[in-house]
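# Analysis of the macromolecular model
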Amino acid sequence: MNVLNFINSFFSDNAHWQGYDGIPTRLAEHLQYTLMALGIAAAVGLPIGLLTGHTGRGGNTLALIATSARALPSFGLMVLMFILLGLGMAPVMIPLVVLAIPPILVTTYEAMRSVDPAPVDAARGMGMAETAVLFRVELPVALPLILSGLRSAAIQIVSTATIAAYVSFGGLGRYIIDGLYQKDYEKVVGGATLVAAMALATLAVFWAVAKVSVSPGVRRSAP
């Protein structure tokens, strides 16, 4: 039985579309984990990246922190948190947030540093406050690259949130973990397909957000 047959069998089975183990329920759980982790990571990474990028200070420290965080294995960190904290949402959220912060932090910093200094200097020469320079001059220009960092973080979370099933939580990883345990490869392939589809949907969402939030002039000048 090839992969396409597995996919067709999985999605054509009505049992997979209803109940606590149905696709809508697992999708909702996976989306919940993703939004929670992305929201926490953005709340940490965006302000620090904006501030350090605006002032031009702390770039080396950010690079060191990001490199260290990326070196941490998400699965190993989750198991460690599970041992230390027990069953709960925290052991799942901590590795996902640690995974998502570096691309948000570093990309936001680089986006702010890549803004043309001429309009920034002109705004300061006109007497603009530093907060106004940040939010009215630098941020609109840096927004495309900042969104790319958020998009990268979101894709990584969508892919990695499957590990939540390993500590008895839900999400699309439930199909993969349970399928491997039961030797039900139809379920494994179906779960992997859903994760890939959700990652593609995430790309589409960020494309739409960029289309709406980034001004046409900035989009045309973006590389």
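Here is what the cut-offs are and how they apply
- Residues numbered from 1 in each chain as written.
- Predicted model: local features only at pLDDT ≥ 70, side-chain atom pairs only at ≥ 80, totals over all residues.
- Heavy atoms only, no water.
- Helix = DSSP H or I, 4+ residues; strand = E, 2+ residues; numbered from the N terminus.
- Buried < 20%, exposed > 50% of the residue type's maximum accessible area, 1.4 Å probe, protein only.
- Contact = heavy atoms within 4.5 Å.
- Lys, Arg positive; Asp, Glu negative; His and termini not counted.
- Charge placed at Lys NZ, Arg CZ, Asp CG, Glu CD.
- Patch = residues over 30% accessible without salt bridge, like charges linked within 9 Å, V, L, I, M, F, W, Y side chains within 5 Å.
- Areas by Shrake-Rupley, 256 points an atom, 1.4 Å probe, with all protein chains shown as cover.
- Salt bridge = Lys/Arg side-chain N within 4 Å of Asp/Glu carboxyl O.
- Axes fitted to C-alpha atoms, helices over the stretch in contact; angles between N-to-C directions.
- Parallel < 35°, antiparallel > 145°, perpendicular 65-115°, else oblique.
- Left-handed = near helix turned anticlockwise from the far one by under 90°.
- Nonpolar A, V, L, I, M, F, W, Y, C, P; charged D, E, K, R; others polar.
- Core = buried A, V, L, I, M, F, W, Y, C linked by side-chain atoms within 4.5 Å.
- Expected span 1.5 Å × (residues − 1).
- Bend = angle between axes of the 7 residues up to and from the residue.

### Here's the deal with the overall build of the chain
Along its length, the chain carries 10 helices and zero strands. Going from N to C terminus, the chain has its helices and strands arranged as α-α-α-α-α-α-α-α-α-α. When the backbone C-alpha atoms are referred to their principal axes, the chain occupies close to 65 × 40 × 25 Å. Looking at the chain as a whole, 43% of its 223 residues are labelled buried. Across the chain, contacts joining residues at least 24 apart in sequence account for 76% of those joining residues at least 6 apart. Averaging the coordinates of the 13 positive side-chain charges in the chain and doing the same for the 11 negative ones gives two points 7 Å apart.

### A look at a nonpolar patch on the surface
Together, Leu80, Leu84, Leu85 and Ile94 give the surface a local cluster of nonpolar side chains, amounting to about 360 Å² of exposed area. In terms of residue count, helix α4 (residues 74-85) provides more of the nonpolar patch than any other element does, three residues in total. Along the polypeptide, Ile94 turns up in helix α5 (residues 90-113). The class for Ile94 is partly exposed, based on a relative accessible area of 31%.

### Here's the deal with the pattern of salt bridges
Per the stated rule, a full pass over the model turns up four salt bridges. Note that Asp21 is salt-bridged to Arg26, the shortest N-O span being 2.9 Å. On the basis of relative accessible area, Arg26 is assigned to the buried category, the value being 7%. Ionic pairing is found between Arg26 and Glu29, a salt bridge with its closest N-O pair at 2.8 Å. Taken together, the residues Arg26 and Glu29, both in helix α2 (residues 23-55) and three residues apart, mark about one turn of the helix. Overlapping salt bridges bring together Asp21, Arg26 and Glu29 as one network.

### Considerations on the side chain of Thr108
Tracing the chain through its elements places Thr108 in helix α5. Residue Thr108 is classed as buried on the basis of its relative accessible area of 1%. Residues contacting Thr108, with those up to four places away along its chain left out, are Leu46, Gly49, Leu50 and Ile146.

### Focus: the packing of α2 against helix α9 (residues 185-213)
Two numbers describe how α2 lies on α9: the axes approach to 12 Å, and their chain directions differ by 50°. Between α2 and α9, the angle falls in the class oblique. Crossing handedness for the pair α2 and α9: right-handed. Where α2 abuts α9, its residues Ile23, Leu27, His30, Leu31, Thr34 and Leu38 lie against Leu194, Met198 and Phe206. Here the residues of the contact of α2 with α9 sort into seven nonpolar, two polar and no charged.

### Some remarks on the nonpolar core
Buried together is how nonpolar side chains tend to be arranged in soluble globular proteins. Formed by 40 residues in total, the largest nonpolar core has its most connected members in Leu38, Val92, Leu96, Ile104 and Leu150. Those elements that place two or more of their residues in this core are α2, α5, α6 (117-125) and α7 (130-160). Ignoring sequence-local partners within four residues, the contact set of Leu150 consists of Leu38, Ala42, Leu46, Ile104 and Phe206. With nine residues, the next largest nonpolar core counts Phe10, Leu172, Tyr175 and Met198 among its residues.

### Here's the deal with α2
Here α2 contains 33 residues, and its C-alpha end-to-end distance of 47 Å stays within 8% of the 48 Å for a straight helix at 1.5 Å per residue. A bend of about 30° at Ala42 is the largest found in α2. One or two positions beyond α2, positive phi appears at Gly56, with a value near 80°.

### Looking at the packing of α5 against α7
Taken N-terminus to C-terminus, the directions of α5 and α7 make an angle of 155°; their axes are 8 Å apart at the nearest point. As the angle between them shows, α5 and α7 are arranged roughly antiparallel. For the element pair α5 and α7, the recorded crossing hand is right-handed. When the residues that make up the contact of α5 with α7 are grouped by side-chain class, the tally is 14 nonpolar, seven polar and two charged.

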